[in-house]
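# Examination of the molecular architecture
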Amino acid sequence: MDTAFLRSVGPGYLSGFVGQNVRQSTSARRPRGVGRLNLVAQQPGLFTSTNPEVRRVVADPKNGTEGKVMKVVYVVLESQYQQSMTLAAKSINAKSNNLSVEVSGYLVEELRNAENFEQFKKDIAEANVFIGSLIFVQELAEKIVETVGAQRDRLDACVIFPSIPDVMKLNKLGTFSMAKMGQSKSAIASFMKKKKQQNGASFEDGMLKLLRTLPKVLKYLPSDKAQDARTFMLSFQYWLGGSPDNIENFLLMIANEYVSAGPKADVAVMEPKVYPDIGLWHPLAPAMFERVEDYLDWYDNVHMPSCGLSKDSPCIGLVLQRSHMITQDDCHYVSLISQLESQGSRVIPVFAGGLDFSVPVSRFFYHPNTDVPNVDVVVSLTGFALVGGPARQDHPKAIAALKKLDRPYICSLPLVFQTTEEWSQSELGLHPIQVALQVSLPELDGAIEPIVFAGRDGMTGRSIPLQDRIDALASRALKWANLRRKSKAEKKIAITLFSFPPDKGNIGTAAYLDVFASVYKVLEALGRDGYNVGDIPSSAEELIESVLHDKEAKINSPELNVAYKMSVPEYQELCLFSKDLEENWGPAPGHLNSDGQNLLVYGKHYGNIFIGVQPTFGYEGDPMRLLFSKSASPHHGFAAYYTYLEYVYQADAVLHFGTHGSLEFMPGKQVGMGDSCYPDRLIHSIPNLYYYAANNPSEATIAKRRSYAGTISYLTPPAENAGLYKGLKELSELVASYQSLRESGRGTAICNSIVEKARQCNLDRDVGLPGNDCKDLTNEERDIIVGSVYKKLIEIESRLLPCGLHTIGKPPTAQEAVATLVNIAGLDRPEEGDIKSLPRIIAESVGRNIEDVYKGSDCGNLDDVNLLQAITDASRLAVRSCVDAYVDEDQRISNFTLIDVGSLFNKLTGGRSTWGKALADSGFPNCSDTELDKLFKYLQVCLEQVVKDNELGALISGLEGKYIPPGPGGDPIRNPDVLPTGKNLHALDPQSIPTVAAIDSAKTVVDRLLERQRLDNNGAYPETIGLVLWGTDNIKTYGESLAQVLWMVGVRPSPDQLGRINKLDLIPLEELGRPRIDVVVNCSGVFRDLFINQMALLDRAVKMAAEADEPTDMNFVRKHALDQAEELGVTLREAATRVFSNASGSYSSNVSLAVENGGWEDEQQLQSMYLGRKGFAFNSDRPGVMEQSQKIFEKSLSTVDVTFQNLDSSEISLTDVSHYFDSDPTKVVQGLRKDGKKPTSFVADTTTANAQVRTLSETVRLDARTKLLNPKWYEGMIASGYEGVREVSKRMRNTMGWSATANAVDNWVYEDANDTFMADEEMQKRLMDTNPNSFRQMVTTLLEANGRGYWETSEDNIDRLRRLYQDVEDRIEGVE
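As the structure is a prediction and not an experimental result, all values here were calculated from the model. For every chain, the first residue of its written sequence is number 1, and the numbers climb from 1 along that sequence. Predicted model: local features are reported for residues with pLDDT of at least 70 only, side-chain atom pairs are reported and counted for 80 or more only, and whole-chain, interface and lining totals are derived from all residues. Side-chain descriptors were evaluated using all non-hydrogen atoms of the structure, hydrogens and water having been removed beforehand.

Think of it this way: any DSSP run of H or I at least four residues long counts as a helix, any run of E at least two long counts as a strand, and we number them from the N terminus. Scanning the protein chain from N- to C-terminus turns up 58 helices and 35 strands. Relative to all contacts within the protein chain whose residues are 6 or more apart in sequence, the contacts with residues 24 or more apart total 76%. Per-residue and other accessible areas follow the Shrake-Rupley method at a 1.4 Å probe size, with only the shown protein chains counted as cover for residues. By element, 50% of the accessible surface of the protein chain is carried by carbon and sulfur atoms, the whole surface being about 49,100 Å². Contact definition: two residues touch when any of their heavy atoms are within 4.5 Å.

The peptide bond linking T659 to H660 adopts the cis configuration, its omega dihedral lying at -10°. Within the secondary structure, H660 is located in the loop between strand 19 (653-657) and helix 26 (678-683). A cis geometry characterises the amide bond from L979 onward to P980, with omega recorded as -10°. By the secondary structure assignment, P980 is in the loop between strand 24 (966-968) and strand 25 (984-986). Even without being glycine, D834 reaches a positive phi, approximately 55°. Relative to the helices and strands, D834 resides in the loop between helix 31 (814-825) and helix 32 (838-845).

Turning next to the packing of helix 18 (residues 432-443) against helix 27 (residues 697-706). Each axis is a line fitted through C-alpha atoms, and for a helix only the stretch in contact is used; angles between axes span 0 to 180 degrees, taken between their N-to-C directions. One can describe the packing of helix 18 onto helix 27 by two numbers: an axis separation of 12 Å at closest approach and a directional angle of 105°. On the basis of the axis angle, helix 18 is roughly perpendicular to helix 27. Where helix 18 approaches helix 27, its residues V435, V439, S440 and E443 are matched on the opposing element by T701, K704 and R705. Amino acids are sorted into nonpolar (Ala, Val, Leu, Ile, Met, Phe, Trp, Tyr, Cys and Pro), charged (Asp, Glu, Lys and Arg) and polar (every other residue, Gly among them). Along the lines of polarity and charge, the residues of the contact of helix 18 with helix 27 split into 2 nonpolar, 2 polar and 3 charged. Each angle is binned into one of four classes, with values under 35 degrees roughly parallel, values over 145 roughly antiparallel, values of 65 to 115 roughly perpendicular, and all other values oblique.

Pairing between strands is defined by DSSP: at least two bridges between the two strands are required. Read across the open sheet, the 5 strands follow the order 7-9-8-10-11; overall the sheet is mixed. A strand with exactly one partner marks an edge of an open sheet, and here the two such strands are strand 7 (278-280) and strand 11 (409-411). With direction set aside, neighbouring strand axes in the sheet form an average angle of 20°. Bridging between strand 7 and strand 9 (residues 346-352) involves 3 bridges; their strand directions are antiparallel. Across the sheet, residue L280 finds its bridge partner in strand 9, namely V350. Lying on the sheet, helix 14 (residues 331-342) is in contact with strand 8 (315-321) and strand 9; it crosses strand 8 at an angle near 180°.

Here we come to the pattern of salt bridges. We define a salt bridge as a contact between a side-chain nitrogen of Lys or Arg and a carboxyl oxygen of Asp or Glu at a distance within 4 Å. Throughout the structure, instances matching the rule amount to 75 salt bridges. A salt bridge links R112 to E109, with the shortest nitrogen-to-oxygen separation between them at 2.4 Å. A 1.4 Å probe rolled over the protein chains alone gives each residue an accessible area, and that area as a share of the maximum for its type sets the label: buried under 20%, exposed over 50%, partly exposed in between. In this structure E109 comes out as buried when scored by relative accessible area, which is 3%. A single network of salt bridges, built from pairs that share partners, joins K792, E795, R799, D1245, R1254 and D1263.

For strand 21 (residues 709-714), the tally of buried residues reaches 6 of 6 residues, placing the bulk of the element in the interior. Residues A709, T711 and S713 point to one face of strand 21 and G710, I712 and Y714 to the other, with burial holding for every one of them. By the bridge criterion, 6 bridges tie strand 20 (residues 688-693) to strand 21 in an arrangement that is parallel. The residue bridging N688 from the neighbouring strand is A709, located in strand 21. Chirality of the crossover, the property in question, places the unit of strand 20, helix 27 and strand 21 among those that are right-handed. When the strands point away from the viewer and the connection leading from the first strand across the helix to the second strand turns clockwise, the crossover is called right-handed.

What follows deals with the environment of L932. Positionally, L932 belongs in helix 37 (residues 929-947). In sequence terms L932 and I841 are 91 residues apart; their C-alpha atoms lie 7.5 Å from each other. Sequence-distant contacts of L932, that is, excluding residues within four places in its chain, are made with L838, I841, R912, W915, G916, L919 and C927.

Looking now at the confidence of the model for the protein chain. The predicted structure's coordinates, where accompanied by low pLDDT, should not be read in detail. Confidence in the prediction for the protein chain averages 85 pLDDT; 88% of positions are at 70 or higher. Per-element averaging of pLDDT across the protein chain places helix 2 (residues 12-18) at the bottom with 27 and strand 10 (residues 377-380) at the top with 98. Residue-level confidence of the predictor is what pLDDT reports, using numbers from 0 through 100. Within the model, pLDDT remains below 50 along residues 186-192, and this stretch shows 4 contacts once partners closer than five positions in the same chain are excluded.

What follows concerns the pairing of strand 3 (residues 129-133). Counting buried positions over the 5 residues of strand 3 gives 5, a clear majority of the element. Alternating residues of strand 3 divide into V129, I131 and S133 and F130 and G132, and every residue in both groups is buried. On the question of chirality, the crossover connecting strand 3 to the parallel strand 4 (residues 157-160) by way of helix 6 (residues 138-151) is right-handed.

On to the sheet that holds strand 14 (residues 463-465), then. Spatially, the 3 strands line up as an open sheet ordered 12-13-14, and their pairing is mixed. In this open sheet, the two strands that pair with only one neighbour each are strand 12 (413-414) and strand 14. Sheet topology note: the strand 12/strand 13 (residues 452-456) ladder contains 2 bridges and is parallel. Note that in strand 13 the partner of L413 across the bridge is V452. Seen against the sheet, helix 19 (residues 467-485) touches strand 13 and strand 14 and runs at an angle of roughly 160° to strand 13.

For the rest of this paragraph, the subject is the packing of aromatic side chains. Any Phe, Tyr or Trp ring, taking Trp's six-membered ring, that has another such ring centre within 6.5 Å forms a pair; planes under 30 degrees apart are called stacked, those over 60 apart edge-to-face, and the others tilted. Under the defined criterion, the tally for this structure stands at 35 aromatic pairs. Ring plane angle 20° and centroid distance 5.0 Å describe the contact between F161 and W239, whose orientation is recorded as stacked. Placement of the pair is F161 in the loop between strand 4 and helix 7 (165-168) and W239 in helix 10 (residues 224-240), with a sequence separation of 78 residues. On the accessibility criterion, W239 (2% relative accessible area) is buried. Of the aromatic side chains, those joined through ring pairs into one cluster are Y81, F161, F176, F232, F236, W239 and F250. Lysine and arginine charges are scored as sitting over a ring when NZ or CZ, respectively, is within 6 Å of the ring centre and within 35 degrees of the ring normal. In this structure, K143 is placed above the aromatic ring of F117, and the distance from its NZ or CZ to the ring centre is 4.8 Å.

So, about the side chain of H806. In this fold, H806 is placed in the loop between strand 23 (800-802) and helix 31. When its relative accessible area of 10% is taken as the criterion, H806 is described as buried. By the criterion applied in these results, polar contacts are pairs of N or O atoms within 3.5 Å in which, for protein atoms, one can donate a hydrogen and the other can accept it, and in which residues neighboring in sequence qualify only through two side-chain atoms. Among the polar contacts made by the side chain of H806, one reaches the side chain of E951 at a distance of 2.9 Å. Excluding residues that lie within four positions of it along the chain, H806 makes contacts with Y512, L513, D514, S518, Y714, L715, P717 and E951.

Attention now goes to helix 29 (residues 747-760). Here helix 29 is 14 residues long and its end C-alpha atoms lie 20 Å apart, about the 20 Å a rise of 1.5 Å per residue gives. Contact partners of the buried residues in helix 29: helix 28 (726-741) and helix 30 (779-797). Immediately downstream of helix 29, the backbone of N762 shows phi near 60°, a positive value. Here the expected span of a helix is defined as 1.5 Å times the quantity of residues minus one.

Written out as structure tokens, the structure reads:
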């Protein structure tokens, strides 16, 4: 490497290689007063504590009196202009005899610091010129508008480059002004607005071309306005070409034209130096290239021979930001290019000067004059979405370009808002605004692997290569390239299964997925596609046996099949971080995944496919470690598993199978992993594909960001109606008899029978039943009782529950398709052309509004209950008539061709559509054919998407090193765009929620909750509500529960000028019509990771309410904050802390882990876990840390009157997963309240159009009746075999979790579970034969429930359970 090149890239280039020593040595050259201490947090918790003084340039006074001083203040998003601005000012000061330039520069994020903001105001007050660029952070933009706006008329010039509109309006150059931006009626303004709407982000590139030509035209127009407009255009040219020379000429131009004091500068102003808008660049090339042919000619013939590369070497396409090259801030690019080439890869680095990077991608990443790509992988280093910057994006255009290229798309990023040291020391990792702009938005394009590859120097603002991150990025990119180039027969694939809780009965756990049947389908597909799968078993059942070590794993042997024994010396040699694990686990091998001498890797090989079992987290049997471990580490067995995959087995890719494992939840930064973060250490360089449930985008996003997974969505089982059974069915028949005989003499007797049977069915806590004979009641009173019972029966019968488990690559049955479409048809879709729901269309046909029918049914009105049931039945028949046209002989929909069934039927019969006829036959002949046709055309498109899954196809594409197109995750009922599955899951733009629809829905739910509690509490409102925010729920509902919190405290969210939800307004008490309710918000770890900006929004809202000067009897937030401020000796803002979660990188309260393994001693231990792990506060005044604030957490919880959670999807209810009880604070609050009163617990159910608010115990009872105790559910699960029995066992354990945290489980639930699964000998045998380990867990759960006092039962039942436990133990251990 020649010395001229080193001089051209500057000293920062070397710091990437010699690292810390160079950075430390710069302290000797810092100006006085700007030492290292000034760069450390002055206000702990701010994301950046860099000192703006490092950007200050102070001019020496000029000789004589003729000179003038131009004082410039600039605010920018990124620091890459720092060097150019500083060098330009110093150059002018050195050259000019009559102009001095003083500069004060700020990064926009620095204005959060109160001291910095005060200094900024002082600098603006003394300035001549203000310059701003890329100011898009709303709350900071407001500070700038407030400060600069007050001085705008006095300033000689205000020059603002792309920022939010309020900041752009500050622009002022002579007669040129943007103060009326957006109000212009001119033809040019209208034309530009129209073109922008038509062309989206490509408009920006059109503007770049306009920038070059317009100044030439304006030059010849005589008016001052034209010349001032020309100056602004030239300013933009200088800025975009941001080299020191261009910035120097920009400053000179402004000084000459607009700074009035003194003569013009005696230095000539040169025209802007123009660079290509798009092109190719290489640090060793003589110039930028504008044609790929010219670049390849230089690269292949001049550069490549000296690097030891050939045309057969893999090729990585890099996407760069032009501004980094022209500001000479490119050492991070240089370092990565050098690393890739040293590892044997060719590179094609392309750039854009605008924000549409799809243009150079589409122009330069193909062989000249062909559609054949010339790259194996694309790595974007810009950090931005492919099309559009921080303000607006065009994701469809980006996806179209990437789908055509069909290569993996990695989006890596440099630090923007933090210095290297700040990021390195941060537990959170990346600044939340950078996560929103440069991680979330690229994910919508299908980007993977957000690796931080460059840091930032706090002194110079220059980018610093992070060599270990660059090594990791280069290695991962080359592994993806290898997938494209290696033959299928030679590729080694590691399929990783999960086991949680740690028990052989739980091998192959995954939400809603029949794992072994799906793995078997994958093996078959890989074999057909040319992969070496060896001799695979003949069935999924045989596959289970082989992985679980033949039948002995279920009956005789305590061990799984051991695929590899890793000696301790081998492990210590290959696992470079093994020593770091000894603090938590002692020396290797430890006692987990170990035989005492070796570390054991469990699994089975089939040709070049390895099916392995991921070790468990390791803390399951040690609740005290769960209690005290804020963060931990994987155990040696866990590390050995991934060490084996990478270094021994040498896997080309790993496929994590189903939702979800432990890798992505290992300790480390939330986003932006460093080399000490365990997810990064474990997955290291292996490409990671991950099957993830389509309805869980939040945790899928964690997997993408923390374990670098390319996710592939799979369909969750369609939801069916729960139906009625046993006594509930008999009760339904009695209700039917009453309806037909109510006017006869038998009506009273039947009513008595209904009341008696309702009590036998334990409905007395759900329905108000009379204590006396029904003969003493009027007909209307009897109707209300029967209507209320009937309403509860319909609620149970129509409750949606997932039917069975999904199998990858298996088409849905007709029954499953009908269930899905009925649910889709049940919601209005105004966004799809104002499509009405089927229930609404039917109700309108009989002159009713569906909302009124819902209300009447909820009140037990017998006529409305009957009508709603008739509407429900008719809806099912109508949808069935549509689906029947596509059913094959196996009653599945394997091939789908979209046809207009309705029109076809009309032509054949001259009558109504099939669904119109079905509705008429059901008693609804007057439904609008126009509305029905709109709805059923939509349903047919949805049916096509259900059938057209790409789950296997996406996997094959991923393993071939191709692009997996992105798609939203969420509930396919609410958002059918989730379909078809087989997409690279993404969440949503976190700054887009809550939406208007979510706010409306939230208001309805909160109003119902408050009204119900007020009626139950003698008219008093609850003072404090404790509630939980979940990541997935807020993605599915677009922020409903987030909006609920805001409505409780009486704050209205609104969008900023870019449509991002960043603004808050306090709703006046007169408008609110009730007191402001205090809240304690417990954010899940996943919500914290995905929505930290929304946590800031909530914190700002609560503090806004606390600081409002209002009576405390109408503002409970202020009431409690004032009390707590006095009691704890803190400020009011500090006392108003109400937004809590785990420590960074930590997830859950671990209550669920303790309950699942049964090792906890008493409830006090569980409550201590909850308080210790969930008591970390978020503070929008100090957004950089999650601060342990257990005292404020406990004080806030001690005022809680109501605890509250949301259910938003039929797929997941309270006992389906352990998350819900893990985050429930009911008994915690009871222990903290001075009066020891247990708070009322409510659950909002928005799974249907008719939202309900129920008590927690009501919801647990409903869950038990519709799932655990429902033959339709448990028989479907048991029929699924091994995995199905595990699902039954899991529901029983989760049900007991609600006893542990809230005493919310009625005794009869345990009693009926015992009768259903334990008292029936045939059922015992089926469970024991299918999955003995899970059956043992079921027996254990019931014994534990009795032992802990949650279930009172007969001694005979307990004796039977003890005998069963011994029997199943003997079976598992092989004792005859």
